[in-house]
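Spelled out, the chains give:
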Amino acid sequence: MRIFGIVFALALFSFGIVVMRIEINRSGRAISQLQNEVEIKEARNQYLKLEILRLSSPETVSRLAREKLGMVPVKPHEVIWLEDK
């Protein structure tokens, strides 16, 4: 009876170790996947920051206004100044 108890305890202990190893491996894969996602998001963020800088330059704004919206620079005689009251 005592040997059965020892064997049962060892089996239970071994089962616990196996379960812990499985969980550690699963957690490691999840961490690796999340780190990969973070790297992808950081690269995308860097790209978008550069895109903002590129698109917000005065030259780009003027070019896009002409090409996409059909806007043209105003001529001095077309400007009407209103006085503040």
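Not measured: the values here are computed from a predicted model.

A. How the structure looks around the overall build of the protein. When its secondary structure is counted, the protein shows two helices and zero strands. Computed over the C-alpha atoms, the radius of gyration of the protein is 34 Å, more than 25% above the 12 Å expected from 2.2 N^0.38 for a compact globule of 85 residues. In terms of overall dimensions, the protein has a C-alpha envelope of 110 × 35 × 15 Å along the principal axes. Counting all 85 residues of the protein, 5% fall into the buried class. Accessible surface for the protein amounts to roughly 8,500 Å². Of this, 66% is attributable to carbon and sulfur atoms. Here the protein contributes 13 positively and 10 negatively charged side chains, and the mean placements of these two sets differ by 11 Å.

B. Structural detail: the side chain of Thr60. Relative to the elements of secondary structure, Thr60 occurs in helix H2 (residues 58–69). Given the relative accessible area of 9%, Thr60 is considered buried. Not counting residues up to four positions away in its chain, the partners in contact with Thr60 are Arg54 and Leu55.

C. A look at the packing of aromatic side chains. Following the criterion strictly, the structure yields one aromatic pair and no others. With centroids separated by 6.4 Å and ring planes inclined at 20°, the aromatic side chains of Phe4 and Phe8 adopt a geometry described as stacked. One end of the pair is Phe4 and the other is Phe8, both in helix H1 (residues 2–55) and four residues apart, which spans about a single turn.

D. Structural context of the environment of Val72. Structurally, Val72 can be placed in the segment after H2. Take Val72: its relative accessible area is 65%, and that puts it in the exposed class. Residues Val72 and Ser62, spaced ten residues apart in sequence, show a C-alpha to C-alpha distance of 8.7 Å.

E. Structural context of the pattern of salt bridges. In total, this model carries three salt bridges according to the counting rule given. For Arg26, the salt bridge identified is with Glu23, shortest N-O distance 2.4 Å. Linking Arg26 with Glu23, this pair stays in helix H1, spanning three residues, or about one helical turn. With its nearest N and O atoms 3.1 Å apart, the salt bridge here joins Arg63 to Glu67. Separated by four residues within a single helix, Arg63 and Glu67 lie in helix H2, roughly one turn from each other. The exposure class of Arg63 is partly exposed, given its relative accessible area of 31%.

Rules of the game
Residues numbered from 1 in each chain as written. Predicted model: local features only at pLDDT ≥ 70, side-chain atom pairs only at ≥ 80, totals over all residues. Heavy atoms only, no water. Helix = DSSP H or I, 4+ residues; strand = E, 2+ residues; numbered from the N terminus. Rg over C-alpha atoms; globule rule 2.2 N^0.38 Å. Buried < 20%, exposed > 50% of the residue type's maximum accessible area, 1.4 Å probe, protein only. Areas by Shrake-Rupley, 256 points an atom, 1.4 Å probe, with all protein chains shown as cover. Lys, Arg positive; Asp, Glu negative; His and termini not counted. Charge placed at Lys NZ, Arg CZ, Asp CG, Glu CD. Contact = heavy atoms within 4.5 Å. Phe/Tyr/Trp six-rings, centres within 6.5 Å; stacked < 30°, edge-to-face > 60°. Salt bridge = Lys/Arg side-chain N within 4 Å of Asp/Glu carboxyl O.

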